[in-house]
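Residues per chain, in single letters:
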Amino acid sequence: MAAADFKAKGNELFRLDKFADAAEQYSKAIEADPTEGALYSNRSACYAALEQWPKCLEDATACLKLRPEWPKAYYRRALGLVMTGKAVEGRAMTAAGLAIDPENKELKELRKKCIEPTCRDFGNASMIDYRMDAPPSEDFKLVMKGRPPPKGAELNEKHFPQTQRTLMHVAVMMQHSKLVKDMMLRGGDILKEDRMGLTALHLNALIQHEETSKAFGERVKEQPMSSTHNATPQEMVEATSYCVQCPPVKIKVAKEGGGVEAMDGMAFLKQFGCWYQRTVQLTDEYLRCMFSSVLDEEGAELMADPRKNELTKLFKESKEEQELGLAFISKELGYGVFALKAFKEGDYVCCYGGVLENNNCLKDQARNPFIFTIMALDKLPFKTDATLYRSLGAYLNHSDSGNVTPEHIVAKGAPMAVFVANREIAAGEQISFDYKGRLHTLFCENNLKNFSPLEPLPPALLKPLQDAA
């Protein structure tokens, strides 16, 4: 039987609410035609009806890779994400779908559902303030309930010794939009940092509660820089945008089988099965850790280092997608990254983008080449996972005599790795680094071959990649 026949049987069973049987028919259809995205969407809907959320998410992801222009695929994946505890990523997925179809009612409703867990987490953090800083002030109790503090109350005093938050921080975290507006009119300071180095505007950018954003009025456009997270509020938005590139870029690719293309995000997803994202993305788990100031000391230390500040500036201003290209090398090595211009020793070359994932949530780390250890786990129990979201840094191949060295910085709210030239690099040369010591040492020692300097890009490919636009 053809895939269409199995699909028709599955559709009929789905209409009869026989979801397990329908899923079985869609599985047979997928076996017959694994390139048809709608089949994965239909089976994802079956798993959603059966509340088998990990399977729902897996199929929705497969569908979106095949049909990145289809709003329904974004809805399916966002639903799977929020139901598996990944609300921040789900929120971004609804935003991407709405960018394609702004009036999509399903996506609009689901976006509200995706925002709720983040709002709840920030509200719970204020409850923790209540317990940690006993006895709580009467003003704090009023703000917690959404009531204005009395006239003469000190709005800008840091009420909490542990978290150093003001009443304005609490009002934003509890999403009391009318109270935010009222306290601003009374002189409430929206630029004062808490212990995490975040202002009320930063917190609002992370929560993305629509009514609270409106309460700030024109001041929502202000972009103070966090003293520990090295991020403006807009950069916090970028750090939770996932499949939405901020700003959009094109990646120069010399494809297997020939041909050079400057790929946008959708073309890249279809080609490589992942999203191109240079900004490291923050997970729900990481946001919850931010409440306990996971980066307060580490971030402040890095931001006090002039060299790290310079690298952060270069990262933010980088045009690495214009200065580097991806090219297919061989079945064994896959793709590699090649210089399209010359670099001097000490130059910033590229970054390692991905998702900041809790170390305990990562499976089979030793065999996943896209998991990168940023710093010692006693300082940061998170690693960068570039399995589904990645930048050019994830395509750097290993060499015992690599021409770049990883360094870590804090930028756009996240600790991250960037690569710096350790010698002069000529145009056409392959960019590489020594994996040992930066990933999983035991696995590397047992499985990595000794690589001499890698082969440069053939001249016949260099010029087309340089000229791709």
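Scroll up for the structure.
Here's what I pulled together on the structure shown here.

## With respect to the sheet that holds strand 15 (residues 430-433)
Okay, step 1: The six strands lie next to each other as 2-1-5-6-15-12, forming an open sheet whose pairing is mixed. A strand with exactly one partner marks an edge of an open sheet, and here the two such strands are strand 2 (260-263) and strand 12 (397-398).
Okay, step 2: Lying on the sheet, helix 14 (residues 265-272) is in contact with strand 1 (251-254), strand 2, strand 5 (324-330) and strand 6 (334-339); it crosses strand 2 at an angle near 120°.
Okay, step 3: Those strands touched by helix 20 (residues 459-467) are strand 1, strand 2, strand 5 and strand 6, and its axis lies near 155° from that of strand 1.

## Let's talk about the pairing of strand 1
Okay, step 1: Side chains Ile251 and Val253 of strand 1 all project onto a buried face; the interleaved residues Lys252 and Ala254 project onto the opposite face, where all are buried too.
Okay, step 2: Hairpin connection of strand 1 to strand 2: five residues between the antiparallel strands, including Gly257 at a positive phi of 90°.
Okay, step 3: Inspection of the sheet shows strand 1 paired to strand 5 by two bridges, in the parallel sense. Across the sheet, Ala254 pairs through a bridge with Ala327, a residue of strand 5.

## Concerning helix 17 (residues 306-317)
Okay, step 1: Taking 1.5 Å per residue as the helical rise, helix 17 with its 12 residues ought to reach 16 Å, and the 17 Å between its terminal C-alpha atoms agrees with that figure.
Okay, step 2: Those residues of helix 17 not exposed but buried are Lys308, Leu311, Thr312 and Phe315. On an axial view of helix 17, the arc spanned by its buried residues comes to 100°, and they lie on one face.
Okay, step 3: The backbone nitrogen of Arg307 has a side-chain oxygen 2.9 Å away, supplied by the residue at the start of helix 17, namely Asp305.

## Some words on the nonpolar core
Okay, step 1: One finds Leu282 and Met290 to be the most contacted residues of the largest nonpolar core, which totals 94 residues.
Okay, step 2: In this view, Met290 contacts Met196, Leu198, Leu206, His229, Met236 and Leu282; residues no more than four positions away in its chain are not counted.
Okay, step 3: Formed by 31 residues, the second largest nonpolar core is a distinct cluster that contains Ile251, Tyr276, Tyr335 and Val404.

## With respect to the sheet that holds strand 8 (residues 355-358)
Okay, step 1: With mixed pairing, four strands are arranged side by side in an open sheet as 4-8-10-9. Pairing within the sheet leaves two strands with one partner each, and these edge strands are strand 4 (281-282) and strand 9 (371-372).
Okay, step 2: Two elements, strand 9 and strand 10 (residues 382-385), share two bridges in a ladder whose sense is antiparallel. By the bridge assignment, Ile371 is partnered in strand 10 with Asp385.

## Quick notes on the packing of helix 1 (residues 3-15) against helix 3 (residues 37-49)
Okay, step 1: Between helix 1 and helix 3, whose axes approach to 11 Å, the crossing angle comes to 25°. Here helix 1 lies roughly parallel to helix 3, going by the angle between them. Like other packed secondary-structure pairs, helix 1 and helix 3 cross with a definite hand, here left-handed. Seen from helix 1, the contacting residues are Lys7, Asn11 and Phe14; seen from helix 3, they are Ala38, Leu39, Asn42, Ala45 and Cys46.
Okay, step 2: Each residue belonging to the contact of helix 1 with helix 3 can be placed in one class, and the counts come to five nonpolar, two polar and one charged.

## Quick notes on the packing of helix 5 (residues 71-83) against helix 6 (residues 87-100)
In a packed pair of helices, the relevant descriptors are the angle between the two axes and the axis-to-axis distance.
Okay, step 1: Packing of helix 5 against helix 6 leaves a shortest axis separation of 8 Å and a crossing angle of 170°. When the axes of helix 5 and helix 6 are compared, the pair comes out roughly antiparallel. In this structure, helix 5 contributes Pro71, Tyr74, Arg77, Ala78, Leu81 and Val82 to the contact, and helix 6 contributes Ala87, Glu89, Gly90, Met93, Thr94, Ala96, Gly97 and Ile100.
Okay, step 2: Tallied by class, the residues present in the contact of helix 5 with helix 6 amount to nine nonpolar, three polar and two charged.

Calculation criteria
- Residues numbered from 1 in each chain as written.
- Predicted model: local features only at pLDDT ≥ 70, side-chain atom pairs only at ≥ 80, totals over all residues.
- Heavy atoms only, no water.
- Pairing = 2+ DSSP bridges.
- Helix = DSSP H or I, 4+ residues; strand = E, 2+ residues; numbered from the N terminus.
- Contact = heavy atoms within 4.5 Å.
- Axes fitted to C-alpha atoms, helices over the stretch in contact; angles between N-to-C directions.
- Buried < 20%, exposed > 50% of the residue type's maximum accessible area, 1.4 Å probe, protein only.
- Expected span 1.5 Å × (residues − 1).
- Arc of directions from axis to C-beta.
- Polar contact = N/O pair within 3.5 Å; in protein donor to acceptor, adjacent residues only side chain to side chain.
- Core = buried A, V, L, I, M, F, W, Y, C linked by side-chain atoms within 4.5 Å.
- Parallel < 35°, antiparallel > 145°, perpendicular 65-115°, else oblique.
- Left-handed = near helix turned anticlockwise from the far one by under 90°.
- Nonpolar A, V, L, I, M, F, W, Y, C, P; charged D, E, K, R; others polar.

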